[in-house]
Amino acid sequence: MLAIERRQKIMAMLNENKSVLVPELAKLFNVTEETIRRDLEKLEKEGLLKRTYGGAVLVENYNVDIPFEFRNVTNIEGKKQIALTLIKYIEDGDTLVMDSSTSALQVAKLLKTKKKITVITNSEQIVNELKVFEDIKVISTGGTLRNRSLSLVGPIAENTLKSLNANKAIISCKGFDIEKGFTESNELEAQVKKMMIEIADQIYMIVDHTKMNKIALVNIATLDDVDFIFTDKVLPPSQENAIREKNVEIVYC
């Protein structure tokens, strides 16, 4: 196993269990404890965890800009389940605008089942995923590449979006709170997502359970701005009622 793969699995375990122990990780991955300590040190430098005596704990800072390779393994099964449900809402001939989230990427992987789809995206990963399908037209926003997110941002991306229109926007976020709405940790990412919301007729917001009741740095939308919320765990009745009162449909996946 490559070191990056091992660190991805460590982050997936941390996101699930909130803490890990060095001896257990060494046994699980069949490496020395010193190797695991080096992995934890590198992840700590990324701001993703805090080392403790004998292990590490997850850093619950929703403004940390987590690299794509670690986000892509966080709650992957939940994201796949959401994608399997959301794809049923996509119709042949739709024009979609999709952000650079790992949740949107899971939806993109299923678009080959549809016909005559146009996809507008700032995601390098989605462009690569869809480039082989002749029945899917892909429009890249262009812009400045952010290596941590593999996304295109900045004035070029925003200006491209301003000139286009879409039936549906498929977007995720860093956090969701009933009062604050949908938030992002990075200002440049947030600006692109705001523009995507402006150009689309319907807004499909993907909010898996790891993002519920969390607030990040930058607001991107309120409940008044979205039409659907797709999530993988049932919400408490009080939250569900507050969302439905805004005429937003909750889809449990």
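Residues numbered from 1 in each chain as written. Predicted model: local features only at pLDDT ≥ 70, side-chain atom pairs only at ≥ 80, totals over all residues. Heavy atoms only, no water.

A short note on the UniProt feature "domain: HTH deoR-type" (unreviewed entry) in the protein
Test applied: UniProt positions are given in the numbering used here, feature names are shortened, and annotations may be inferred rather than shown by experiment. Secondary structure is summarised from DSSP: a helix means a run of H or I of at least four residues, a strand means a run of E of at least two, and numbering begins at the N terminus for each.
As recorded in UniProt, the feature "domain: HTH deoR-type" (unreviewed entry) lies at residues 3-58. Helix makes up 64% of residues 3-58 and strand 20%, and the two end C-alpha atoms of the span are 19 Å apart.

Some points on the packing of aromatic side chains
Stated precisely, the cut-off is as follows: Only centres within 6.5 Å qualify two rings of Phe, Tyr or Trp (six-membered ring in Trp) as a pair; their planes then separate them into stacked at under 30 degrees, edge-to-face at over 60, and tilted for everything else. Only protein chains enter the accessibility calculation, which uses a 1.4 Å probe; a residue is then buried when its area is under 20% of its type maximum, exposed when over 50%, and partly exposed in between.
Taken as a whole and assessed by the stated rule, the structure comprises seven aromatic pairs. Between the aromatic rings of Y89 and F228, the centroid separation amounts to 5.6 Å while the plane-to-plane angle is 70°, which identifies the pairing as edge-to-face. Here F228 lies in strand 14 (residues 228-231) and Y89 lies in the loop between helix 5 (76-86) and strand 4 (95-98), a separation of 139 residues in the sequence. Overall, the relative accessible area of 26% leaves Y89 in the partly exposed class. In textbook terms, an aromatic cluster arises when at least three aromatic residues are bridged by ring pairs, as seen for Y89, Y204, F228 and F230.

Topic: the domain arrangement of the protein
Worth spelling out the cut-off: As used throughout, domain bounds are those supplied by an automatic or database domain assignment. Two residues form a contact once any of their heavy atoms are found within 4.5 Å. By buried area we mean how much accessible surface two parts lose on assembly, using a 1.4 Å probe and totalling the loss over both. Basic side-chain nitrogens of Lys or Arg form a salt bridge, by our definition, when they fall within 4 Å of a carboxyl oxygen of Asp or Glu. Here the nonpolar group is Ala, Val, Leu, Ile, Met, Phe, Trp, Tyr, Cys and Pro; Asp, Glu, Lys and Arg are the charged ones; every other residue, Gly included, is treated as polar.
Domain annotation of the protein identifies domain 1 (3-60) and domain 2 (70-252). Each of domain 1 and domain 2 was reduced to a C-alpha centroid, and the two centroids are 29 Å apart. Contacts between domain 1 and domain 2 engage ten residues on the former and five residues on the latter. Among the residues domain 1 hides against domain 2, the three largest losses belong to Q8, N15 and E46. Together they make up 52% of the total. At the junction of domain 1 with domain 2, the criterion picks out one salt bridge. For the side of domain 1 that touches domain 2, the leading source of residues is helix 1 (residues 3-17), giving six residues. Looking at the side of domain 1 that touches domain 2 residue by residue, the class counts come to five nonpolar, two polar and three charged.

Description of the sheet that holds strand 11 (residues 181-184)
We count it as follows: Following DSSP output, two strands are said to pair if at least two bridges run between them. In this analysis, axes come from line fits to C-alpha atoms, helices being fitted only over the stretch in contact, and the angle between any two N-to-C directions falls in the range 0 to 180 degrees.
Strand order in the open sheet formed by three strands is 10-11-13, and the pairing between neighbours is antiparallel. Of all the strands in the sheet, the pair left with one neighbour each is strand 10 (175-177) and strand 13 (218-221). Averaged over all adjacent pairs, the angle separating strand axes in this sheet is 40°, with direction ignored. Of the strand pairs in this sheet, strand 11 and strand 13 are connected by three bridges, and their pairing is antiparallel. Bridge assignment links T183 to a residue of strand 13, and that residue is N219. Sitting on the sheet, helix 9 (residues 187-199) touches strand 11 and strand 13, and the angle it makes with strand 13 is about 15°.

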